[in-house]
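# Coordinates in review
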Amino acid sequence: MELASYSDYAVRLVNTEEPARGADALTSLDTVRELVGPESQSARRLTDGDLTRLRAVRTRLRAVFEAAAEGEEVRAVDLLNALLMEFPVSPQVSGHEYRDEDGRPKWHLHIADHAPSAAASYTATACMGLAVHLTELGVDRLGICQATPCRNAYLDTSTNRSRRYCSDRCATRANVAAYRARKRLGNGRSEERAEDDRTGRTADAAHDSSAAAER
């Protein structure tokens, strides 16, 4: 597995919470088990403390995405570096499970799971993946969805760095809202023009009446 692919771990953790809606999906060990993978080694050694630790890490990872989305690149990197120092990874060369057409192993770097807890293991993997993604593609590839009220994190992998929303659903909702806003604005302007026309006709009529009376 490519290390950059681990960046999705960070996105998945951050998006277990929707601050604007007051929603939190990370509320029990069962939800943590679903997050880390029910069949994973981490799932088998979960404790109550992992829930608390992951929720704390989630807040810090969201801060990384928010800083990046606001154009504060140095701050985003500093926040991520702090997590990397606190949750170091153990790299390991792997490849026995992947073979090329000649039957030779496809050697690649893999993150070994030697962390002291399930939460530490997940966090180290997520942060390493995010760091690789950030350094290969740029800090501005980390974003926060701009569709109100969604504040989900996302990774922009578009060719022209144009992504603004976490999903097609949010993009559609935002586009519909923008269209309706433009339509309301257009209707408002039409009503203003109609009112101006009525006012103008009333003024002209009053002027004509005044002129006729003077004659």
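Rules used in this analysis
Residues numbered from 1 in each chain as written. Predicted model: local features only at pLDDT ≥ 70, side-chain atom pairs only at ≥ 80, totals over all residues. Heavy atoms only, no water. Patch = residues over 30% accessible without salt bridge, like charges linked within 9 Å, V, L, I, M, F, W, Y side chains within 5 Å. Areas by Shrake-Rupley, 256 points an atom, 1.4 Å probe, with all protein chains shown as cover. Salt bridge = Lys/Arg side-chain N within 4 Å of Asp/Glu carboxyl O. Helix = DSSP H or I, 4+ residues; strand = E, 2+ residues; numbered from the N terminus. Buried < 20%, exposed > 50% of the residue type's maximum accessible area, 1.4 Å probe, protein only. 1 Å grid on protein atoms, 1.4 Å probe; cavity = no way out; pocket = protein on both sides within 12 Å on 5 of 7 lines; lining within 4 Å. Points joined across faces, edges and corners; volume = space filled by probe spheres on them.

### What to know about a nonpolar patch on the surface
There is a patch of nonpolar side chains on the surface, built from V93, W107 and L109 and spanning about 330 Å² of accessible area. Here V93 is to be found in strand β3 (residues 90-94).

### Considering unusual backbone geometry
Of the consecutive residues T148 and P149, the connecting peptide bond is found in the cis state with omega at 0°. Here P149 is to be found in the loop between β5 (142-144) and β6 (153-155). Its identity is not glycine, yet R161 carries a phi of approximately 55°, on the positive side. Residue placement: R161 occurs in the loop between β6 and α7 (168-214). Looking at R161, the relative accessible area reads 43%, which means it is partly exposed.

### Brief notes about the layout of surface pockets
Quantified by volume, the largest pocket comes out at close to 460 Å³. Taken together, 25 residues make up the lining of the largest pocket; nearest its centre are S42, I111, D113, S121 and T125. At the level of secondary structure, the elements contributing two or more residues to the lining of the largest pocket comprise α1 (7-14), α3 (41-44), β4 (108-112) and α6 (118-137). It is α6 that provides the largest number of residues to the lining of the largest pocket, a total of five residues.

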